[in-house]
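Observations on chain architecture
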Amino acid sequence: MAAPISGRGARKLLQFLRLVGQLRRVPRTGWVYRNVQKPESVSDHMYRMAIMALVTKDEHLNKDRCVRLALVHDKAECIVGDIAPADNIPKEKKHRREEEAMKQLAQLLPEDLRKELYELWEEYETRSSAEAKFVKQLDQCEMILQASEYEDLENKPGRLQDFYSSTAGKLSHPEIAQLVSELEAERNANIAAASSEPHS
């Protein structure tokens, strides 16, 4: 049985939960830059990624680890915000900022959890496992699924093409490739239908 948390431990845990809760108020920068109305939060993105990990059928992957990686991979953004490629911040600098944020977050947890949280984040960042590589592909797949939903909501098929282009050739896992193939078939049909409509 785990030892009960102390008063100080509970205060630090509350601080951790409040920080992580801020992810619900951090919009995903890519959508903000493209003037998407009511863009999703980082928290929204990680939640669907975790669900995607949960429903994978790949028996070679540790599904529990994939869910954990999905829930941790963007945690640093509750402190540093969502740094997008368009911000032109060098990768090393972005990594360093996020590393500091993860250390800050981890310090608020009991020692065993502190180590787990940081190591999960590091595993994702370095793609040092099959699970981390898979979750990176989930990250990109979730992004283009969201892009297609925004195109549908705005009734502007094809508007967010650059998000699709950025993932070209990167989504090789069979389950993800199948999802993407289905998504692109639907999207291409929408684009073709829109282009054949007479303009008023």
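Residues numbered from 1 in each chain as written. Predicted model: local features only at pLDDT ≥ 70, side-chain atom pairs only at ≥ 80, totals over all residues. Heavy atoms only, no water.

The name an unreviewed UniProt entry assigns to the chain is 5'-deoxynucleotidase HDDC2, from the organism Physeter macrocephalus. UniProt annotates the chain under Catalytic activity (unreviewed entry) with the comment "a 2'-deoxyribonucleoside 5'-phosphate + H2O = a 2'-deoxyribonucleoside + phosphate". UniProt, in the comment section headed Sequence similarities (unreviewed entry), describes the chain in these words: "Belongs to the HDDC2 family." (UniProt positions renumbered as here; feature names shortened; annotations may be inferred.)

Rolled over the atoms, a probe sized like a water molecule indicates the empty space that remains. For the largest pocket, the calculated volume is near 1,100 Å³. Forming the walls of the largest pocket are 30 residues, and the residues nearest its centre are Ile83, Pro85, Lys94, Lys136 and Asp139. Contributing elements (two or more residues each) for the lining of the largest pocket: helix 2 (29-33), helix 6 (91-106), helix 7 (111-126), helix 8 (130-154) and helix 9 (161-165). (1 Å grid on protein atoms, 1.4 Å probe; cavity = no way out; pocket = protein on both sides within 12 Å on 5 of 7 lines; lining within 4 Å. Points joined across faces, edges and corners; volume = space filled by probe spheres on them. Helix = DSSP H or I, 4+ residues; strand = E, 2+ residues; numbered from the N terminus.)

Scanning the model with the defined rule gives 3 aromatic pairs in all. Geometrically, the ring pair formed by tyrosine 118 and tryptophan 121 is tilted, given 5.8 Å between the ring centres and 45 degrees between the ring planes. Of this pair, tyrosine 118 and tryptophan 121 are both found in helix 7, 3 residues apart, which corresponds to roughly one turn of the helix. Each member of the pair tyrosine 118 and tryptophan 121 is classed as buried. Every member of this aromatic cluster is reached through a ring pair, and the members are Trp31, Tyr150 and Phe163. One cation-aromatic arrangement involves arginine 127 over tyrosine 124; the distance from NZ or CZ to the ring centre is 4.7 Å. Looking at arginine 187, its charged tip hangs above the ring of tyrosine 164, at a distance of 3.7 Å from the centre. (Phe/Tyr/Trp six-rings, centres within 6.5 Å; stacked < 30°, edge-to-face > 60°. Buried < 20%, exposed > 50% of the residue type's maximum accessible area, 1.4 Å probe, protein only. Lys NZ or Arg CZ within 6 Å of the ring centre and 35° of its normal.)

With that out of the way, let us pick up the nonpolar core. One finds Trp31, Met102, Leu105, Leu117 and Val135 to be the most contacted residues of the largest nonpolar core, which totals 48 residues. Breaking this core down by element, the ones donating at least two residues are helix 1 (7-21), helix 3 (42-54), helix 4 (63-72), helix 6, helix 7, helix 8, helix 9 and helix 10 (174-196). With 9 residues, the top contributor of residues to this core is helix 8. (Core = buried A, V, L, I, M, F, W, Y, C linked by side-chain atoms within 4.5 Å.)

Tracing the sequence through the fold places aspartate 139 in helix 8. Excluding residues within four positions of it along the chain, aspartate 139 makes contact with His45, Met49, His73 and Tyr124. (Contact = heavy atoms within 4.5 Å.)

UniProt's feature table lists "domain: HD" (unreviewed entry) at residues 42-144, given in the numbering used throughout. Annotated as 72% helix and 0% strand, the span residues 42-144 places its first and last C-alpha atoms 15 Å apart.

With that settled, the discussion passes to the pattern of salt bridges. Summed over the entire model, instances satisfying the criterion amount to 12 salt bridges. The salt bridge partner of aspartate 139 is lysine 136, with a shortest N-O separation of 3.4 Å. Of this pair, aspartate 139 and lysine 136 are both found in helix 8, 3 residues apart, which corresponds to roughly one turn of the helix. Residue lysine 136 is classed as partly exposed on the basis of its relative accessible area of 22%. Taking the shortest distance from any N to any O, the salt bridge between arginine 159 and glutamate 154 comes out at 2.6 Å. With a relative accessible area of 24%, glutamate 154 lands in the partly exposed category. Several salt bridges converge on common partners, so that one network encompasses Arg48, Glu142 and Glu149. (Salt bridge = Lys/Arg side-chain N within 4 Å of Asp/Glu carboxyl O.)

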